[in-house]
Each structure stands twice: as C-alpha cells, then as structure tokens.
Amino acid sequence: MVAIKDIPGVQVFRDIRNSLKKHPTKKYKTRSLGVITHIVVHHSLTKTGSAKAYAEYHVDTNGWPGIGYHFHIAKDGSVDWTNSLETISYHVGNSNKTSIGIVLTGDFRVEKPTEAQMNSLIALIRYLKKLLSIPTTNVKGHSEMPGYSWKQCPCIDMNDLRKKVDSSFALPQKPQNNTPTPDYYVVQRGDTLWNIAKHLNTTVQQILQWNPEIKDPNKLQIGQRIRLKPSASNNASSGTNASTPAKTKYVLPDGILKLGDKGEKVKQLQKALNAINFKCGKADGIYGPKTQDAVRRFQSMYAALKDDGIYGPQTKQFLYQELKKRGLI
Ligand SMILES: [Zn+2]
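Parameters at a glance
Residues numbered from 1 in each chain as written. Predicted model: local features only at pLDDT ≥ 70, side-chain atom pairs only at ≥ 80, totals over all residues. Heavy atoms only, no water. Donors = N, O, S within 2.8 Å, 3.2 Å for Na, K, Ca; no water. Helix = DSSP H or I, 4+ residues; strand = E, 2+ residues; numbered from the N terminus. Pairing = 2+ DSSP bridges. Axes fitted to C-alpha atoms, helices over the stretch in contact; angles between N-to-C directions. Contact = heavy atoms within 4.5 Å. Phe/Tyr/Trp six-rings, centres within 6.5 Å; stacked < 30°, edge-to-face > 60°. Buried < 20%, exposed > 50% of the residue type's maximum accessible area, 1.4 Å probe, protein only. Lys NZ or Arg CZ within 6 Å of the ring centre and 35° of its normal.

Asks: Tell me what's going on with the coordination of the zinc ion, and back it up with residues and numbers.
Replies: Protein coordination at the zinc ion: the donors are His 42 (ND1), His 142 (ND1) and Cys 153 (SG), at 2.0 to 2.3 Å from the metal. Counting residues between consecutive donors of the zinc ion along the chain gives the motif H-x99-H-x10-C. Placement of His 42 in strand 3 (residues 38-43) and of His 142 in the loop between strand 8 (139-141) and helix 3 (158-166) is noted, with a sequence separation of 100 residues between them.

The following block contains the structure:
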C-alpha cells in the first residue's frame, strides 16, 4: 500500500484512516493503483463539518463500509487522509473503481472555498497526478463525471482549477520557510538564553550583541522583550564586535549539476546544502547519491520545484533565498 507522509505545499497533513468510523461487518473492495484514472472533487454541501462527521454519516445513515472519500480538505487548508488509495470507496457510483475522491468542507452553492482550501487542493492534485500518472483532463468535478450532470457538486470552477494545477501557480511555502524573523521574543517561564538561541538558530553571543542591556544572561525576566535583530543603533557597530565571528559566506554555482558530476562547483553546492542543514556528507566535490538526496529533499520543500535531485537555475534561486535569510550569502 502506498504510504503518504507529507505533501509538498500542504501545510498540515493528517493520516486519520485508522481513526475514522468503520462499519462493523461491511468492507470496501480494494484495487491496484494501476486502475485509477480519475481524481474527483466534491464539496460536503455543509458549511461546517469534519472527516469524522462524514465517516459517521456514511456508516450510520448510509450503511456504507466507511467514509466515501479518500481525502478531506478543511476550511483551514489542512488535509485529512481518510481512505487508502487502494480502497474502492463510494463517492461517484459507476466510476468509484477508477477514481480518487477529494471532499472540501463547504456548501459552494452559497459560499466559496477558502484560499487555503484551494491551495491545498491544488497541491494535493499535483501530488496525486504525479504519483498515479493521471492527466489533468481527468481531474473532474463530481458533476462532470458520467451520469452526474444533474448533481450540484462541487460548484467549483473546474476549468480554472485545472489551469492552476498545470500552471506554475505558486503555492505558499511551509511556514518555517516564509515567516520573517520577528523583531522581539518575549521571555516565557522556564526560558534560558541558551534555549532561546537554540530555538532561533542563533547564538547567545549574537543575542547579547543585539541586546547590550542584558548584563547577566542568567537573569531573564518573564515578559522581558529580547531583540532578535540588530537595532538601528547597534547595527553600525555590529561588524566591529570582536566577540562575534564573521559568518562564513557561501557561493552558489551556475549551470546544471547532477549525479556523477565532480569539481569545485559541486563542492560549493555541498557546502551550501550543509550550511542550511540539508546534510550531504563531507563537501568532497563529488555529486554522489548523498548529494543527490540532499538536493531532492530540498526540492521537495517547494511545490514550484521538481524533486529530481538535479541542481539547476530554479533550485539555485530557492537555495539563494534560504542562504540569504540566514545571512550566509
Ligand atoms: Zn459530490
């Protein structure tokens, strides 16, 4: 069975297949992934709801073996995995056997899906398309499926959705990648400067430099505000403070690098990957499987990047942003 741990572009992904209500005796049939040809989108027809509630309704009221859908997308954009892809659940009659069902909570006859929902829907469809080799033309709304033209489901502009799935329409990145560093941290009970520094991926020395008024790093007050950036006044002097070693600067090579390549450019790439914690082993200038894997792991963080493990101009651009954020370039 396919195991899905994480979907690029989806910020919260929960595998709740085993916690949803199931019929005591009835079981859905199963299939091999090869028979899946379509992805079908539904709305719940309810303004509020949850995968748990739909599962209970499908089992208790409809008498089905379990929830009818494979995935649920809540209004906050979080995605629930509700049935294995191999499960032939009920959501589109004659086409159940060849379809994956995705439901969005909402009644889109009278309201619109949230932006977070649409972003997650696009990310999920892109992921499933790739996994199951499904063409975008086979991503359908329920009412577009044979025999369902009467159905008011999902009441989403499917042509627009398909266009976005195929375009380079960029999805927001995971929060840790695009949240700017706040200006201050407010000390909580139990905090130490060391914990705060570790949490923020910086050093105690750096924090003390930004907060010259802290005389004794062992005496923090709950509620005290700690500056997380150089203030305008001590910015100018920060470069001359001998206690802070200058950060190493990294260089990103041009061109394309891939498995089997060797040389100085590969070494530069490896140093940069290691610097942002995409560990690829010693920077030995050899683009081996470890380097390829680190590149792939990095690429998988971004919906806009193909995770092929090959370093090129696009990957360079995203790496550059990561290094820049950390002041490493
Ligand atoms: Zn439907």
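What follows picks up the thread again.
Asks: How would you sum up the sheet that holds strand 7 (residues 99-104)? Please name residues and give values.
Replies: Taking strand neighbours across the sheet as the criterion, the six strands line up as 1-5-4-7-3-8 in an open arrangement whose pairing is mixed. This sheet does not close on itself; its edge strands, each paired only once, are strand 1 (13-15) and strand 8. Shown here is a sheet whose adjacent strand axes are inclined to one another by a mean of 20°, direction ignored. Taken together, the three bridges between strand 4 (residues 71-73) and strand 7 define a ladder with parallel strand orientation. If you follow Ile 73 over to strand 7, its bridge partner there is Leu 104. Packed on one face of the sheet, helix 2 (residues 115-132) meets strand 3, strand 4, strand 5 (79-81), strand 7 and strand 8 and runs near 170° to strand 7.

Asks: Lay out the packing of aromatic side chains with the relevant residues and their values.
Replies: Taken as a whole and judged by the stated rule, the model has six aromatic pairs. Their ring planes at 85° and their centres at 5.5 Å tell us that Trp 64 and Tyr 90 sit as a pair that is edge-to-face. Placement of Trp 64 in the loop between helix 1 (51-61) and strand 4 and of Tyr 90 in the loop between strand 6 (87-88) and strand 7 is noted, with a sequence separation of 26 residues between them. On the numbers, 6.3 Å between centres and 10° between planes, the contact of Phe 71 with Trp 81 is stacked. Of this pair, Phe 71 sits in strand 4 while Trp 81 is found in strand 5, placing the two residues ten residues apart along the sequence. When its relative accessible area of 0% is taken as the criterion, Phe 71 is described as buried. Accessibility expressed as a relative area gives 0% for Trp 81, which makes it buried. The ring of Trp 81 has Arg 17 lying over it, and the distance from NZ or CZ to the ring centre is 3.6 Å.

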